Structures are given as structure tokens and as C-alpha cells.
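# Commentary on secondary and tertiary structure
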Amino acid sequence: MEDKHTNVRVRFAPSPTGFLHIGGARTALFNWLYARHTGGTFVLRIEDTDAARNSQEATEVILSGLRWLGLDWDEGPVTPDPAGAGKGDFGPYFQSQRGAIYQRRVRELKEKGLAYDSEGAVKFKMERQPILIHDLVVGDVRRELTDREQADPDFVLIRSDGQPVFHLVNVVDDLEMRITHVIRGEDHLSNTAKHIALFRAFGVEPPNYAHIPLILNPDGTKMSKRDRGASLQSYLDDGSTPEAVANYLCLLGWSPKENREKMPMAETVKLFDLPQILRHNARFDIAKLQWLDGEYIREMGEERFFQLGAAALQRSGYKLDAFPPNYIAAALATCKGKIKRFGDLGPYAGFYFVDAVNIDPADRAREFTAESLARLQKLRDAFASLTAFAAPEIEKTLKAVALELGVKAGALVHPARMACTGAAAGPSLYHLLEVLGREPVLKRMDAALGTPPGKNP
Ligand code: GLU
């Protein structure tokens, strides 16, 4: 068992492929949780030595994904970022900027006689005997040399074009960054014998390893890049709540003792530990995520709801900058408790942020009969004479008009809602009309009535 008092240092070391796989996001999360649980340090290192396919944007995909999930990193070179504040403004480490360190380490191996030149490349003199891996999740694994490796177990450290290979840079950085626990996907278990041999060649004890099982599709097949839900971005696009996604990712391969499912991050930080990482592959369960989305959004505080709600509307293409903050807040307040995911917010509340609503011809035909338009006209005129345009007055007025016309309130509510929002359902009518304000409401009603604007004061 590892000593909790040693200074834990973990890292997330993604290659920038332009895509943050949820398996990668979960690896980042488990590292972050372990660092926060132990009071250790979480390092972010971009493994971008493969210059041909790496780019600034690809790195940004990773950084913004981690920020969205609430995973902050603790270290790294300072990068000036006038827009940001606090943690996350520095770092990450970029391997592309650390070439000199790798060259120095290769020289060290050469001096020890553990690396040598071969056809323009530099190769490592691999250990000839089986290597035992003590993995905190997988258990003990004895790695024998394969038949092919028996013929030539040595492997390339620096390619003939001068590029250092993954095994070298990964180990050198884990060593230089004094990483104590390597928590990563099980697909890297097959590399671990090479890595352990390299650590030993540098005269250093290898770190602890914890290889996390893969995430599978609901049908048990291996999740590929193209599968639904494979990219963290797809959860953002679908309007999931980051708290729900983080909680959900925790459950993919880790299980708190009492088998609880919904668990706030602060509590997960307290309970998280490596031995509880499950050994079997985790199956993706979209229904559970949707359930968590609903739970988190229901319990969310107003401020966070406004923040995530505004971001979701912007993503749906609404230009919120054109509206005052208190208008946006009032509009979002009418949606709180009504939607299950932020992805639903565009269709639900987009009408607040357009000049004129778009009414589907079928809805128009159903809702706007000669009769209902005549009633709508009465309501419009009553609204026009209101001095205080607030929900209680709006409600009182609508009910008085209904009484006068001898109809139920619904006979006015439905056409008014359709005229002002373009939808048959949505936030409470009286409240949404108050938020829209009298002039926009009259303008929308006039449009429904077919009255040219300005002709009917
Ligand atoms: N760059 C490697 C990857 O993205 C990192 C592997 C590791 O965590 O050691 O798979």
C-alpha cells in the first residue's frame, strides 16, 4: 500500500489529437482526484513531440475540456494570459519545448553503455529477462519478451530523423517531474515493461502504476473515435452539465463503497482511492448520464445555472451580448426547474433572444383562427393600456379579458404564448411576458395579428 504521506505527484499526459476522448477525460479526472485526495500535485503535460499532427487548436481542445470539467492543474511554465485568473493560467508542460532534456538523458544512457547508435537512430539496450509490473489496479503482471523481441529486444529512443520516441520522452518526463503514480489507460500496460526498464537504466525506481480499464460501448464493443459519446465535446454539444459528466465519469470504472451514484465532487475527492478502481472494463450508460444531468440541473444554484445557461444559449447561436445582464438573468430565471439539460435551453428559451419569433405554419393555422385572433386583439389592447407590466398585473388583465369575453383563460393563454414565443409550451406565460417587456410583447402580438407595426398605437 502506498504511503499517503509521501508527496503524491500525478500527471495527465495527453497527445493533442484534436479530440479529447472520454477515456482520456476520465484518466485526467482520476489523476486529478488522486492528487486532490492526497493533497498532492496534478501536472498537465502535453505530449506533442509528433510535430506533424499536433497544433495549437488541438491543445486548446484538451485545455478547454479539462476546464469545463473543473479539473485545474497545479504546475507548469507561466504563459501570459490576460483573460484568465488563478490556477490554470500557467502550464501545461509541452514536450516539444523539452528537446534538450531528452538529448541530455540519451547521452547519459550512452555514457552508461545502455544506448547506442544504430543506422542513424539511437537504440536502448533493453533488459533481457522478464519484467514484473506491480499494478495497483491490474495486479502483478509478468511481462515476458515476445518471440520477436527475443530476437532483438532493443528499441529505438531517437529516430533517424532526430525525433525522440514516445517511450523515451514519457519516461524522462515522469522522471524529471518526479511523478509518483502513473495512472493511465490500460492500453499502455503493454508499454510498461519498456518504461520500467528505462527507469532502471536511469538508476531510478519506477513510479507506481495504475492502469485503468477501457470504456466500452453499451453493447460491449470497444469504443472508437467515431462512436457516439466518444468525445468529451459531444457532451458539451448535447448540453450536458459538467458536474453530471464528471460524476458520471467517476462511476465509469470506480465505485464508492456504498455503491452510491450521485456524489458531489468534494465528496468524491474524500473517498477516491486507487484500490477501488474496478478491474473490469466499464460500459457506457447514457441513461445514467441523463439521469445525473437532470439531478444536477435541478439542484443547481442560481448563479451556476445562469452561467451554464448563458453559455449553452451562446452555443446554440443566440447572441446574448446584445442583451443586458439583468434581462438574461430574468429570462433564465423563468427556465430554472423546467429543463432537464442545458441542451434543451435553446428551443425552450431562445425566443427571449430574437427580434421576432418564427411561427410554424401548422401552429399558426391551428392557434390563430379568426376567433382566437379577435380575442388576442382584445388582450393586446388591454396590455397596451397597462402601466405596470409585471406578472401579477398581466395575469389579472388576462383573466379580466377572459371573463369579459366569456372564455376560459386558456383561450387567451395559448394564442398569446404562440404569438410571443412561437411555441406551444415554455416558461410560465405571465412571467415570460414580464421579462420580454411590454413593447416587445405588443410587437409580437401585432405581428401575429397581421397588423403592420406602428399602425395600431
Ligand atoms: N501521450 C500518451 C497518451 O496520450 C500518454 C500515456 C501516459 O499517460 O503515459 O496515450
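Reading guide: rules and limits
- Residue positions within a chain follow its written sequence, with the count starting from 1.
- Side-chain atom pairs in this predicted model are given and counted only at pLDDT of 80 or more, local residue features only at pLDDT of at least 70, and totals for whole chains, interfaces and linings cover all residues.
- To obtain the side-chain values, all non-hydrogen atoms of the structure were used and water was disregarded.
- The numbering of helices and of strands both runs from the N terminus, where a helix is a DSSP run of H or I of at least 4 residues and a strand a run of E of at least 2.
- Only C-alpha atoms enter the radius of gyration; for comparison, a globular chain is expected to reach 2.2 Å times N to the power 0.38, where N is the number of residues.
- Burial status follows relative accessibility: with a 1.4 Å probe on protein chains alone, a residue under 20% of its type maximum counts as buried, one over 50% as exposed, and anything between as partly exposed.
- Two residues qualify as a contact provided that any one of their heavy atoms is within 4.5 Å of a heavy atom in the partner residue.
- In these tables, accessible area is a Shrake-Rupley quantity obtained with a 1.4 Å probe, and a residue counts as shielded only by the protein chains included in the view.
- Positive: Lys, Arg. Negative: Asp, Glu. His and the chain ends are not part of the count.
- By convention, the point assigned to a charge is CZ for Arg, NZ for Lys, CD for Glu and CG for Asp.
- Lines fitted to the C-alpha atoms define the axes, with helices restricted to the stretch that makes contact. Angles between their N-to-C directions range from 0 to 180 degrees.
- For this classification, under 35 degrees means roughly parallel, over 145 means roughly antiparallel, 65 to 115 means roughly perpendicular, and everything else is oblique.
- For a crossing to be left-handed, the near helix must be turned anticlockwise from the far one by less than a right angle; the clockwise case is right-handed.
- Think of it as three bins: nonpolar holds Ala, Val, Leu, Ile, Met, Phe, Trp, Tyr, Cys and Pro, charged holds Asp, Glu, Lys and Arg, and polar takes everything else, Gly as well.
- A helix is expected to span 1.5 Å multiplied by its residue count minus one.
- Here, the arc refers to the directions that run from the helix axis to the C-beta atoms.
- Should DSSP find at least two bridges between two strands, the strands are regarded as paired.
- If you view a crossover with the strands going away from you and the path from the first strand over the helix to the second runs clockwise, you call it right-handed.
- Every case where a carboxyl oxygen of Asp or Glu lies within 4 Å of a side-chain nitrogen of Lys or Arg is listed as a salt bridge.
- By definition, disulfides here are pairs of cysteine sulfur atoms that lie within 2.5 Å.
- Pairs of N or O atoms within 3.5 Å make up the polar contacts considered here, provided that, within protein, one atom can donate a hydrogen while the other can accept it, and that residues adjacent in sequence are counted only when both atoms are side-chain atoms.
- Working definition: residue near molecule or strand if any one of its non-hydrogen atoms lies within 4 Å of it.

### As for the overall build of the protein
Within the protein, the secondary structure is distributed over 19 helices and 12 strands. For a compact globule of 457 residues, the expected C-alpha radius of gyration is about 23 Å, and the protein comes in at 30 Å, more than 25% above that figure. Overall size of the protein, expressed as C-alpha extent along the three principal axes, is 100 × 45 × 40 Å. Among the 457 residues that make up the protein, the fraction classed as buried is 51%. Taking contacts inside the protein between residues at least 6 apart in sequence as the whole, the part at least 24 apart equals 73%. Taken as a whole, the protein presents about 21600 Å² of accessible surface, with 53% of it coming from carbon and sulfur. When the 58 positive and 60 negative side-chain charges of the protein are each reduced to one mean point, those points stand 2 Å apart.

### A look at the packing of helix α8 (residues 242-251) against helix α10 (residues 286-299)
Here α8 crosses α10 at 140 degrees, and the two axes come no closer than 8 Å. When the axes of α8 and α10 are compared, the pair comes out oblique. Read as a crossing pair, α8 and α10 show a hand that is right-handed. In contact with E243, A244, V245, N247, Y248 and L251 of α8, α10 contributes I286, K288, L289, L292, D293 and Y296. Taken together, the residues of the contact of α8 with α10 sort by class into eight nonpolar, one polar and three charged.

### A few points about helix α15 (residues 370-384)
One full turn of an α-helix is made of 3.6 residues, so residues set three or four places apart face in the same direction. Between its terminal C-alpha atoms α15 stretches 21 Å, which fits the 21 Å expected from 15 residues at 1.5 Å a residue. Of the residues making up α15, those classed as buried are S372, R375, L376, L379, R380, A382 and F383. One side of α15 carries all its buried residues, which in axial view fall inside an arc of 160 degrees. The inward-facing, buried residues of α15 contact α14 (361-367), α16 (391-405), α17 (410-421), α18 (429-436) and α19 (438-449).

### With respect to the environment of L289
Relative to the helices and strands, L289 is located in helix α10. Along the backbone, L289 and T241 are 48 residues apart, and their C-alpha atoms lie at a distance of 9.6 Å. Leave out the neighbours within four places in its chain, and L289 touches Y235, S240, A244, V245 and Y248.

### Brief notes about the pairing of strand β1 (residues 9-12)
Here β1 shows a buried face lined by R9 and R11 and a second buried face lined by V10 and F12. Across four bridges, the pairing between β1 and strand β2 (residues 41-46) is parallel. The residue bridging F12 from the neighbouring strand is L44, located in β2. With helix α1 (residues 22-38) bridging β1 and the parallel β2, this β-α-β connection has right-handed handedness.

### Here we look at the pattern of salt bridges
The final tally for this structure, using the stated rule, is 34 salt bridges. Measuring nitrogen to oxygen at the nearest pair gives 2.9 Å for the salt bridge that ties R105 to E108. Taken together, the positions of R105 and E108, both in helix α3 (residues 99-111) and three residues apart, correspond to about one turn of that helix. Using a relative accessible area of 11% as the deciding quantity, one classes R105 as buried. Owing to a relative accessible area of 22%, E108 belongs among the partly exposed residues under this scheme. Notably, a salt bridge pairs E299 with R298, separated by 4.0 Å at the nearest N-O pair.

### Section: the state of the cysteines
By the definition in use, this model includes zero disulfides. Not engaged in a disulfide, the cysteine C335 finds its nearest cysteine sulfur in C420; these two sulfurs lie 15 Å apart. Residue classification places C335 among the buried residues on the basis of a relative accessible area of 0%.

### Quick look at the side chain of R11
Note on placement: R11 falls in strand β1. The exposure class assigned to R11 is buried, which follows from its relative accessible area of 3%. Within polar-contact distance, the side chain of R11 engages the side chain of D174 at 2.8 Å. The residues contacting R11, other than those within four sequence positions of it, are N31, F42, V43, R45, N170, D174, I179, V182, I183 and R184.

### Here's the deal with α17
Compared with the 16 Å implied by 1.5 Å per residue over 12 residues, the 16 Å span of α17 between its first and last C-alpha is a close match. Burial of α17 is extensive: nine of the 12 residues sit out of reach of the surface. Listing the buried residues of α17 in full gives L412, V413, P415, A416, R417, M418, A419, C420 and T421. Close packing links the buried residues of α17 with α14, α15, α16, α18 and α19.

### Describing the pairing of strand β4 (residues 115-118)
Side chains on a regular strand alternate between the two faces of the sheet. Alignment of β4 against strand β5 (residues 121-124), held across four bridges, turns out to be antiparallel. By the bridge assignment, A115 is partnered in β5 with F124. Between β4 and β5, which pair antiparallel and follow one another directly, the connecting turn spans two residues, one of which, E119, has a positive phi of 50 degrees.

### Considering the site of the ligand
As a structural note, the neighbourhood of the ligand is formed by R11, A13, P14, S15, E47, F166, N170, R184 and H188. A distance of 3.0 Å is found between a nitrogen atom of the ligand and a side-chain nitrogen or oxygen belonging to S15. In this structure, R184 approaches the ligand through a side-chain N or O atom, which is 2.8 Å from an oxygen atom. Among the residues making up the shell around the ligand, the classes are represented as three nonpolar, three polar and three charged.

The analysis is restricted to geometry; functional conclusions fall outside its scope.
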